[in-house]
Amino acid sequence: LYGLAVIVDKNGRLETILSKTTELLPPAMKYPEKSHCRITYKDREFESGSFSDLGYSHIENIVVGGEKVGGVEVFIDPISMQQDEDPVSFEEKTMISAIAERLGRVIEHKVLQRDLIRSQRLAATGQLAMSVAHEVNSPLQSISMLLHGLERDLTGDDDHSKTLRLLRTAFG
């Protein structure tokens with residue numbers, strides 16, 4: 001778990017964290033040279049360098065918000081085992097489970113962080129749009145008021161009154 005904490009601290013992208021975690025598990029197994037790891041997240045797969053899905057496998061689900069979003073799978077080549085032995089010890093299963101649980105929390109944190117940044121960007125865009133609208137609207141209101149005043153002052157001049165009415169209608 002310490003190795004996973006180091007990976008998470010040093011890498012910001014979720015894909016990098018998942019990819020590097022696949023290399024973390026095989027050396028920690030009873031048969032490191034015959035162990036392989038695959039981590040799935042949604043529709044993506046991350047595999048250890050010498051990946052093979054032959055032989056015995058143990059999988060733990062990655063859960064985020066009560067929903068399964070992926071899994072941590074460890075495969076052990078069949079030639080490594082004796083007939084009556086369990087190729088993955090209780091301690092190794094506990095470790096794989098703890099890593100899957102920790103990855104679930106990391107994924108949840110990364111998703112929340114991404115959503116927060118997205119909502120902050122949307123809020124900033126909305127504020128900018130309001131500011132631009134205000135900056136454009138203020139001069140238009142001034143022009144409309146001036147045109148209204150001119151129209152009132154030039155009531156006897158039909159040509160100018162028509163032109164001013166047209167302009168005032170255009171500037172609303």
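Cut-offs used in this document
- Residues numbered from 1 in each chain as written.
- Predicted model: local features only at pLDDT ≥ 70, side-chain atom pairs only at ≥ 80, totals over all residues.
- Heavy atoms only, no water.
- Helix = DSSP H or I, 4+ residues; strand = E, 2+ residues; numbered from the N terminus.
- Buried < 20%, exposed > 50% of the residue type's maximum accessible area, 1.4 Å probe, protein only.
- Salt bridge = Lys/Arg side-chain N within 4 Å of Asp/Glu carboxyl O.
- Pairing = 2+ DSSP bridges.
- Axes fitted to C-alpha atoms, helices over the stretch in contact; angles between N-to-C directions.

A. Fine view of the environment of threonine 40. Within the fold, threonine 40 resides in strand β1 (residues 35–41). The class for threonine 40 is buried, based on a relative accessible area of 19%. Once the C-alpha coordinates of threonine 40 and histidine 58 are considered, the two residues, 18 residues apart in sequence, prove to be 13 Å apart.

B. How the structure looks around unusual backbone geometry. In this structure, lysine 42 takes a positive phi of about 55° despite not being glycine. Secondary-structure assignment places lysine 42 in the loop between β1 and β2 (44–47).

C. Main features of the pattern of salt bridges. Inspection of every chain in the model, using the stated rule, returns five salt bridges. Put simply, arginine 13 and glutamate 15 hold a salt bridge, and the shortest N to O gap is 3.3 Å. With a relative accessible area of 55%, arginine 13 lands in the exposed category. For glutamate 15, a relative accessible area of 29% puts it in the partly exposed group. Among the salt bridges present, the one from arginine 44 reaches glutamate 15, with a minimum N-O distance of 3.9 Å. Note that arginine 44 is positioned in strand β2 and glutamate 15 in helix α2 (residues 14–24), a separation of 29 residues in sequence. Taken together, the shared-partner salt bridges in this structure form one network comprising Arg13, Glu15 and Arg44.

D. Representation of the sheet that holds strand β3 (residues 56–64). Read from one edge to the other, the open sheet built from four strands follows the order β2-β1-β4-β3, with strand pairing classed as antiparallel. Looking at the sheet topology across the chains shown, the edges are occupied by β2 and β3. Strand-to-strand twist across the sheet, computed as the mean angle between neighbouring axes with direction ignored, equals 20°. Sheet analysis places β1 next to strand β4 (residues 67–76), joined by seven bridges and oriented antiparallel. Pairing of serine 35 across the sheet is with isoleucine 76, part of β4.

E. Region of the structure containing the pairing of β1. By the criterion of burial, β1 is predominantly enclosed, with seven of the seven residues buried. The two faces of β1 match: Ser35, Cys37, Ile39 and Tyr41 on one face and His36, Arg38 and Thr40 on the other face are all buried. Here β1 pairs with β2 via four bridges, running antiparallel. Counterpart to arginine 38 in the pairing with β2 is glutamate 47. Here β1 folds back onto β2, and the loop between the two strands holds two residues, one of which, lysine 42, carries a positive phi near 55°.

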